[in-house]
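One-letter residues, chain by chain:
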Amino acid sequence: MHIIKMKKNFPLLFLALFLSCKTAPPVPDADAASYIPLEGGALAYIFADVKNARPILELLPIAEMQNKQTRQILDKTQTAVAAFYPPESGRRFQLAAQGNYPGFRAGLAFGMSKYWKKCRSDAGYSFWYSAAHKLSILLNSKQAFVTAWVDDTGGDPAAPAPGIEAPQGLAEFRNGAVLSCWLEKPGARINFALEEMGIPVQLPAQHIFISLFPAEEQKYEAIIKIRTPNANQARSLVTIISLARSFITPAAPAEDDQESADVFPVLISVLFSNPPALDGRDVNIKTSALTEKEISLLFNLFSIY
């Protein structure tokens, strides 16, 4: 009897899921968009060619990355943009992705789980929320939005259109990279890390951009763009880094401080392996080839998560 009833209502269920997908906000082409479909106020924004960047993504110590639903979404994702927020924002991270997703089957699975509740956003589209997982998910056949929350109050997983405006030149800088990152107002965090290691370099950075490109097997080269307030400060920073490459001898980390011992050679590889290049108010630095572990430490140094 229940089977007959389900078959009878199946077309209506399918139509309801289809209509909810049709009202989902579109994800702009991340390679060309002037706006990024995420909320503002993040510490860092990451752009990934998920298939080629998956080994790096797996290293990020983000608890929600181990969530079954999140991993299943990544398995079907082609490109994604993600943001990591300070705790006072109420969010932990937000993800907007494009791929090929089993939207209908996922809707049925969410609907049969006691941990997920169907909700409706102010914009009129449906999404799923789990207080137990502190996650909101919107999923259809071509796009996915995921937001992880600090507490169990929850909310809309997608940012209001059009999202946050991308910094000038970001799309060109990311061209061809398997993974890129845009750090918002990172100067204080990075300068503190440099000071802790005894490196007398202060970075007057408004933004820092990082792009990773495949190098030798299982290694990646990083290009780092430090955007300063003006061209004069950029020239001064080039001079400081160039001089530091010649004579700097940072204080050795304590023997029992394994994390500092690991981060130290990564920092040297990032800032001092190659001479910096001046480009207007930007300073570009190319690293030596980095392992996946070194990239994870690099992201940790820049407080991306």
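What you see as residue numbers is a count from 1 along each chain, following the sequence as written. This being a predicted model, a pLDDT of at least 70 is required before a residue's local features are given, and a value of 80 or more before pairs of side-chain atoms are given or counted; all residues contribute to the totals for chains, interfaces and linings. Each side-chain value is derived from all of the structure's non-hydrogen atoms; neither hydrogens nor water enter the calculation.

1. Details of the environment of R91
Numbering of helices and strands runs from the N terminus, with a helix taken as a DSSP run of H or I at least four residues long and a strand as a DSSP run of E at least two residues long. For R91, the location among the structural elements is in strand β4 (residues 91-99). Excluding anything up to four places from it in sequence, R91 contacts E39, Y85, P86, T147, A148, W149 and V150. In this analysis, two residues are considered to be in contact whenever any of their non-hydrogen atoms come within 4.5 Å of each other.

2. Thoughts on unusual backbone geometry
Cis peptide bonds are those with omega within 30 degrees of zero, and the linkage from A161 to P162 qualifies with 5°. Residue position: P162 is located in the loop between β8 (143-149) and β9 (164-165). Positive phi is not limited to glycine here, since K134 has a value of about 55°. With respect to the helices and strands, K134 occurs in the loop between β6 (126-130) and β7 (135-139).

3. A few points about the confidence of the model for the protein
Averaged over all residues, the pLDDT of the protein is 79; the fraction at 70 or higher stands at 75%. Per-residue pLDDT stays below 50 along residues 1-23; that stretch engages in twelve contacts with residues further than four places along the chain or on separate chains. Note on scores: pLDDT gives the predictor's confidence for each residue, bounded by 0 and 100. Confidence over residues 250-254 falls short of pLDDT 50; this stretch has eight contacts with residues more than four positions distant or in other chains.

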